[in-house]
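Here are the chains, one letter per residue:
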Amino acid sequence: MKKTDQATRQRILKAALSRFAHGGYAGTSVQDIVDDARVSKPTLYYYFGNKAGLYQALVDRAFDERFRLIQAAEQRRSSLPDKLVEIIAALFAFLRTNRELMHLAFATAFAAPGEVPAEIRYMDKSLRNFEFIHALIKQGQAAGELEQRFDSQELAFGIFGLLNIYVMAHLLMPGCQLNRRRAERIVELFLTGAAARQTRNAVT
């Protein structure tokens with residue numbers, strides 16, 4: 001794709017993201033987007049087909065970029081705890097600079113029936129991202145870093161759930177600081193729990 005084509009495409013995506021994030025899918029018209037992007041409707045249709053195709057492109061960007069980040073972060077560390085901290089810290093950094101994009105992704109996941117077009121797909125890429133974490137958990141169990149008494153999927157849902165709760169908290173309350181130290185605390189809570197030592201010993 002030529003640089004001019006890429007620049008035009010990115011300008012449309014930027015305008016659409018702002019509109020969708022603040023007005024929702026139904027509350028945003030193609031005219032709103034092309035006015036903001038300073039392009040014609042045929043130009044938008046050339047790059048994205050229709051409004052749903054444009055929305056899908058943004059949803060794909062949210063999940064694909066997060067997937068790229070967790071893949072890169074995982075490669076930078078060797079132990080499971082360090083990998084998880086690196087992944088969560090990278091996702092937090094992405095969130096801080098892409099709040100509108102993540103707001104759109106979460107809004108799509110929790111949208112009421114009819115709120116976004118039925119053809120919008122996000123679950124396959126959401127599951128792909130989850131399965132990457134799940135695979136790390138299984139590797140951790142195989143290496144003896146995690147106990148076998150918990151199912152690998154239970155553990156994956158545990159860390160993935162903690163991560164997404166903090167993401168949602170930040171989207172609702174931007175003052176909720178998400179940084180590397182927070183990532184370390186989340187992994188510590190996941191791996192060691194919050195019970196007093198004697199309580200943990202009694203349970204195990």
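This section reports on the structure supplied with the text. The residue numbering used here restarts from 1 in each chain and proceeds along that chain's sequence as written. Reporting in this predicted model follows two pLDDT cut-offs: at least 70 for local features of residues, and 80 or more for side-chain atom pairs to be given and counted; totals over whole chains, interfaces and linings ignore these cut-offs and use all residues. Heavy atoms from the whole structure form the basis of all side-chain values; hydrogens and water molecules are not counted.

**A look at the packing of helix 6 (residues 99-109) against helix 8 (residues 152-172)**
Right, on to step 1. Interhelical geometry of helix 6 versus helix 8 gives an angle of 115° and a closest axis separation of 10 Å. Helix-helix and strand crossings are classified by hand; for helix 6 and helix 8 the assignment is left-handed. Taken together, the residues of helix 8 that come into contact with helix 6 (itself represented by Arg99, Met102, His103 and Phe106) are Asn164, Val167, Met168, His170 and Leu171.
Right, on to step 2. Across the contact of helix 6 with helix 8, the residue classes break down as 5 nonpolar, 3 polar and 1 charged. For helices, the axis comes from a line fit to the C-alpha atoms of the stretch in contact; other axes are also lines fit to C-alpha atoms, and the angle between any two N-to-C directions lies between 0 and 180 degrees. The helix count covers DSSP runs of H or I at least four residues long, the strand count covers runs of E at least two residues long, and both are numbered beginning at the N terminus. Take the far helix as the reference: if the near one is turned anticlockwise from it by less than a right angle, the crossing is left-handed, and if turned clockwise, right-handed. Any pair of residues with heavy atoms lying within 4.5 Å of one another is described as a contacting pair. Ten residue types, Ala, Val, Leu, Ile, Met, Phe, Trp, Tyr, Cys and Pro, are classed as nonpolar, four, Asp, Glu, Lys and Arg, as charged, and the remainder, Gly among them, as polar.

**Regarding unusual backbone geometry**
Backbone phi values are negative for most residues with the exception of glycine, while trans is the configuration of most peptide bonds.
Right, on to step 1. Although it is not a glycine, Arg38 sits at a positive phi angle of roughly 60°.
Right, on to step 2. Note on placement: Arg38 falls in the loop between helix 2 (30-37) and helix 3 (41-48).

**Structural notes on the packing of aromatic side chains**
Aromatic ring pairs are described here by two measures, namely the spacing of the ring centres and the angle between the planes.
Right, on to step 1. Aromatic contacts are taken between Phe, Tyr and Trp rings whose centres are within 6.5 Å, Trp giving its six-membered ring; a plane angle under 30 degrees counts as stacked, one over 60 as edge-to-face, and the others as tilted. Counted under the stated rule, the structure contains 8 aromatic pairs.
Right, on to step 2. Seen in terms of ring centroids, Phe20 and Tyr25 are 5.7 Å apart; in terms of plane orientation they differ by 10°. Their pairing is stacked.
Right, on to step 3. Exposure remark for Phe20: the relative accessible area of 5% places this residue in the buried category.
Right, on to step 4. Judged by centre distance (5.0 Å) and plane angle (75°), the rings of Phe20 and Tyr55 are edge-to-face. With a gap of 35 residues between them, Phe20 in helix 1 (residues 3-23) and Tyr55 in helix 4 (residues 51-75) connect regions that are remote in the sequence.
Right, on to step 5. Throughout, exposure labels follow a simple rule: accessible area from a 1.4 Å probe, protein chains only, divided by the maximum for the residue type, with under 20% read as buried, over 50% as exposed, and the rest as partly exposed. Owing to a relative accessible area of 4%, Tyr55 belongs among the buried residues under this scheme.
Right, on to step 6. Two thresholds decide whether a charge sits over a ring: the Lys NZ or Arg CZ must be within 6 Å of the ring centre and within 35 degrees of the ring normal. A cation sits over an aromatic face here: Lys51 above Tyr25, 4.1 Å from the ring centre.
Right, on to step 7. For Arg128, the ring lying beneath its charged end belongs to Phe67, and the centroid distance is 4.2 Å.

**Comments concerning the packing of helix 5 (residues 80-97) against helix 6**
Right, on to step 1. Packing of helix 5 against helix 6 leaves a shortest axis separation of 5 Å and a crossing angle of 105°. Taken together, the axes of helix 5 and helix 6 lie roughly perpendicular to each other. Counting all contacts with helix 5, which are made through Phe94, Leu95, Arg96 and Thr97, the residues of helix 6 involved are Arg99, Leu101 and Met102. Any angle that falls under 35 degrees is termed roughly parallel, while one over 145 is termed roughly antiparallel, one within 65 to 115 roughly perpendicular, and all others oblique.

**A closer look at the pattern of salt bridges**
Right, on to step 1. Every case where a carboxyl oxygen of Asp or Glu lies within 4 Å of a side-chain nitrogen of Lys or Arg is listed as a salt bridge. The tally for this structure, following the rule as stated, stands at 13 salt bridges.
Right, on to step 2. The closest approach of N and O atoms between Arg181 and Glu184, which form a salt bridge, is 3.4 Å. Placement of the pair is Arg181 and Glu184 together in helix 9 (residues 180-192), with a separation of 3 residues, close to one helical turn.
Right, on to step 3. On the basis of relative accessible area, Arg181 is assigned to the partly exposed category, the value being 48%.
Right, on to step 4. Ionic contacts of the salt-bridge type, sharing partners, join the residues Asp60, Asp64, Lys125 and Arg128 into one network.

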